[in-house]
Amino acid sequence: MKHNKNKKNAVIMFFFILIFSSFIFYMTNMTGSGTAAAEQFVREPGVQALGVCPPFFLRDENNEIINPVKGINAGKPYSPKRTCGACHDYAAITEAYHFQQGRGEKPDPRQAKRAQWATSPGNYGGAYCAPAPLYSYLSPKNNASPRTMDMTSYTFVKKCGVCHPGGGPLEFDRAGKRYDAFMADAGNDIVSGANKIFDGDYFKANWVKSGVAEADCLMCHLPSYNYSKRAGQIQQLNFKWAATVGAGFAKIVGAVAEGKTPAVRYNTDMFLPDGRVELSIIKHPRNGACLSCHAQPGVKKRGANFSARTDVHIRAGLKCVDCHTSGSSSKNQKNNKKYDHNFGKGDDPGTLARNDLDNTVVTCRDCHFTGNLGAPMPRHRGISPIHLEKISCQTCHIPERTTRASQFMASDVFNPGSRIKPDVKKVWTFYGPDMKLYNHYGYLNMMGYDDKPNFTYRPVYVRYQGKIYPVNRTHSAWPAIRTKGKQGLMQPRMTDVYKMWDDFKKDPSSYPELAKIKDDYNDHVVEINRPEEINALILSITTMLTKTKYPMDGKQVVWVMNDKVYESGTKFSRIPKEQWEASPYANVHKYSHDVFPARAALGVRGCAQCHSSQAAIFHQEITVYPFDENTRPVMAGNHEILGYSSVSLALMSILQNGIKPIS
């Protein structure tokens, strides 16, 4: 018995020594070499510390560790692709539309019929942040002459990359090649700044020097991210350095735009003693991350305010991603796969990229008919069920706006307004919902987004996809080029039109016809409406294009206002448009944000709020054309836009008369 007991004790001691030795070995590797253990973690893609990012090394684009504490690769910018991609599926993440911006998609069928310049439905090649034409268009991949080329993929990064998070067309060309690597390998076939290959991805590009803009994960997932500093690097053509500066890891000295090679100066206070970083990374982006890009265009397109004062959802503490879900947070099979970053989207007439993902956003009904997220469940007593079938929730619950949107964008004259930057935007003139001039970019430049002026107005109501919605129907006026045998119209280059007006300002004899275009409204900006003014612009644009050797064979300059295409001041044809559109060449944007409290909704004071002869939803005056030949706007009742006759409205008013207010 004693022998067996000793044997048992020996076995126990053996296993104890084995476990203790293993523990000592493990601790030696973890603490003795420190960086070796962390390096091993980083080198194993897919390994995660229970869903929380542990301290990690930054890595450069060659997958080498950057350790500024020990002076290892301390002169190189970090690569989000190599750093974050060590654990996360970078390729799957960057397939989302925020990264691709329409790249690889065909234009929407209506878009293809209307716009010769459209090569995709998204910002990259299609619809841009401006609500109407005469914005820089993306040059096709292959071009016969640089004279017809405009924005290239390289200049797209400089202009649009300040908001867009990288990856997609900011990283890869239209053949799927990484710009800098392909350009370096091509050697003498593509010479930076002097090549004779009229390639829309590489013409006059310096990809080798600037690098590419990889998808920057920390733009959304690091609350302390500095968006303005990143934007500054993008505008200086320091594409591959932008993420390093935005995250606060380093300062950059020198700019590619100035012919210099940027130098990195890492802030070692951001690093642990062993050279790793330990960041306060969040899974779900804060609203500020979304609004850093969406706030300013949200004002222009929708009069969006995104504040607790004007939106019950923000006041209740909801995040953008509570409704715009993706990945594991989404219940929709279209965008709920692991690493899926296609945030849920609605069905907006003015947003054409990834239409296959329409209506993946969490809807009003998803919360308010179920109590999800603590949402109050409405009673809607006194409302006929047909209202909920034919009228969107937004129609009643967004009865007015408190920030001025752009209802008319004229892209045909020179706007002398102050603080409009860059100067080329002075060929854009904005008019608000009251059809009065306002300096959109000047306001934002002077006051910023938070201090924009208040302006209260009622939405326009349209019928879209079988329901009535509140929207902004944007009007447009712009010079265009019609080509014999081709459908749709082409834009002249915005820079050309700006230069024409700038030359005229300096020397009126350069384009004397422009002197016929007058300021009829005494708002210090000229506008085109009278026949002689239309003729003057057409003649001047034709002269400018001819003078600058634009190929004009089979082409004719026209002037376009909404759906009217003028070949002279008195002769025009029409381009078909949808019932909800003011112009086939300008956007229509639904209102879904800045939802008012239920007590302020339409109908709470009785049916007469909508069904009376004074009700705005049917009877307010809506602009059909900004100007007629006598300089007056052409107006119509909102019921005409909705397709209701005066007789049917009168009948509805009689039937609804006397019904009590909703409780």
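This text goes with the structure placed above it.
Structure report, in brief. What you see is a predicted model; the values in this text were computed from it and never measured.

1. Notes on the overall build of the chain
Turning to step 1, where the next piece is worked out: For the chain, the count of helices and strands is 24 helices and 18 strands.
Turning to step 2, where the next piece is worked out: Looking at the chain residue by residue over its 663 residues, the buried ones come to 49%.
Turning to step 3, where the next piece is worked out: The contacts of the chain with a sequence gap of at least 6 include a subset with a gap of at least 24, amounting to 62%.

2. What to know about the packing of aromatic side chains
Turning to step 1, where the next piece is worked out: Taken as a whole, this structure holds 33 aromatic pairs when the rule is applied.
Turning to step 2, where the next piece is worked out: On the basis of an interplanar angle of 50 degrees and a centroid distance of 6.5 Å, the ring pair of Phe430 and Tyr438 is categorised as tilted. Neither residue differs from the other here; Phe430 and Tyr438 are each classed as buried.
Turning to step 3, where the next piece is worked out: Seen from their ring centres, Trp478 and Tyr585 are 5.0 Å apart, and the 65 degrees between their planes marks the pair as edge-to-face. Pair noted here: Trp478 is in strand β12 (residues 475-483) and Tyr585 is in the loop between β15 (572-574) and β16 (588-590), with a separation of 107 residues, a long-range link.
Turning to step 4, where the next piece is worked out: Assessed through its relative accessible area of 0%, Trp478 is described here as buried.
Turning to step 5, where the next piece is worked out: Among the aromatic residues, ring-to-ring pairing joins Tyr135, Trp428, Phe430, Tyr438, Tyr441 and Tyr443 into one connected group.
Turning to step 6, where the next piece is worked out: Lys547 extends its terminal NZ or CZ atom over the ring of Tyr511, reaching a point 4.1 Å from the ring centre.
Turning to step 7, where the next piece is worked out: Over the aromatic face of Tyr469 sits the side chain of Lys590, whose NZ or CZ is 4.1 Å from the ring centroid.

3. Looking at empty space enclosed by the protein
Turning to step 1, where the next piece is worked out: Applying the stated criterion across every chain, the model contains five cavities of 30 Å³ or more.
Turning to step 2, where the next piece is worked out: Contributing to the lining of the largest cavity are 26 residues, with Ala127, Leu352, Pro584, Tyr585 and Asn587 lying nearest its centre.
Turning to step 3, where the next piece is worked out: Of the residues in the lining of the largest cavity, the class split is 17 nonpolar, five polar and four charged.
Turning to step 4, where the next piece is worked out: Here the element with the most residues in the lining of the second largest cavity is helix α19 (residues 440-447); it accounts for three residues.
Turning to step 5, where the next piece is worked out: A breakdown of the residues in the lining of the second largest cavity according to their chemical character gives six nonpolar, three polar and two charged.

4. Regarding unusual backbone geometry
Turning to step 1, where the next piece is worked out: Cis geometry is adopted by the peptide bond preceding Pro422, which originates at Lys421 and carries an omega value of -10 degrees.
Turning to step 2, where the next piece is worked out: On the secondary structure map, Pro422 appears in the loop between β6 (408-410) and β7 (429-431).
Turning to step 3, where the next piece is worked out: Of note, Asn63 is a non-glycine position whose phi angle comes to about 70 degrees, a positive value.
Turning to step 4, where the next piece is worked out: In this structure, Asn63 sits in the loop between β1 (58-59) and β2 (65-66).
Turning to step 5, where the next piece is worked out: With a phi close to 60 degrees, Asp594 is a non-glycine residue in the positive phi region.
Turning to step 6, where the next piece is worked out: Topologically, Asp594 is positioned in the loop between β16 and α22 (616-619).

5. Observations concerning the sheet that holds β12
Turning to step 1, where the next piece is worked out: Ordered by their spatial adjacency, seven strands build an open sheet running β8-β7-β6-β12-β13-β14-β15, and the pairing between neighbours is mixed. Only two strands of the sheet have a single partner each, and these edge strands are β8 (437-438) and β15.
Turning to step 2, where the next piece is worked out: Judged from the three bridges that link them, strand β13 (residues 555-561) and strand β14 (residues 564-566) form a sheet pairing that is antiparallel. Note on β14: the bridge partner recorded for Trp559 is Tyr566.
Turning to step 3, where the next piece is worked out: The sheet contacts of helix α21 (residues 531-547) involve β12, β13 and β14, and relative to β13 the element is tilted by about 140 degrees.

How each quantity is defined
- Residues numbered from 1 in each chain as written.
- Predicted model: local features only at pLDDT ≥ 70, side-chain atom pairs only at ≥ 80, totals over all residues.
- Heavy atoms only, no water.
- Helix = DSSP H or I, 4+ residues; strand = E, 2+ residues; numbered from the N terminus.
- Buried < 20%, exposed > 50% of the residue type's maximum accessible area, 1.4 Å probe, protein only.
- Contact = heavy atoms within 4.5 Å.
- Phe/Tyr/Trp six-rings, centres within 6.5 Å; stacked < 30°, edge-to-face > 60°.
- Lys NZ or Arg CZ within 6 Å of the ring centre and 35° of its normal.
- 1 Å grid on protein atoms, 1.4 Å probe; cavity = no way out; pocket = protein on both sides within 12 Å on 5 of 7 lines; lining within 4 Å.
- Points joined across faces, edges and corners; volume = space filled by probe spheres on them.
- Nonpolar A, V, L, I, M, F, W, Y, C, P; charged D, E, K, R; others polar.
- Pairing = 2+ DSSP bridges.
- Axes fitted to C-alpha atoms, helices over the stretch in contact; angles between N-to-C directions.

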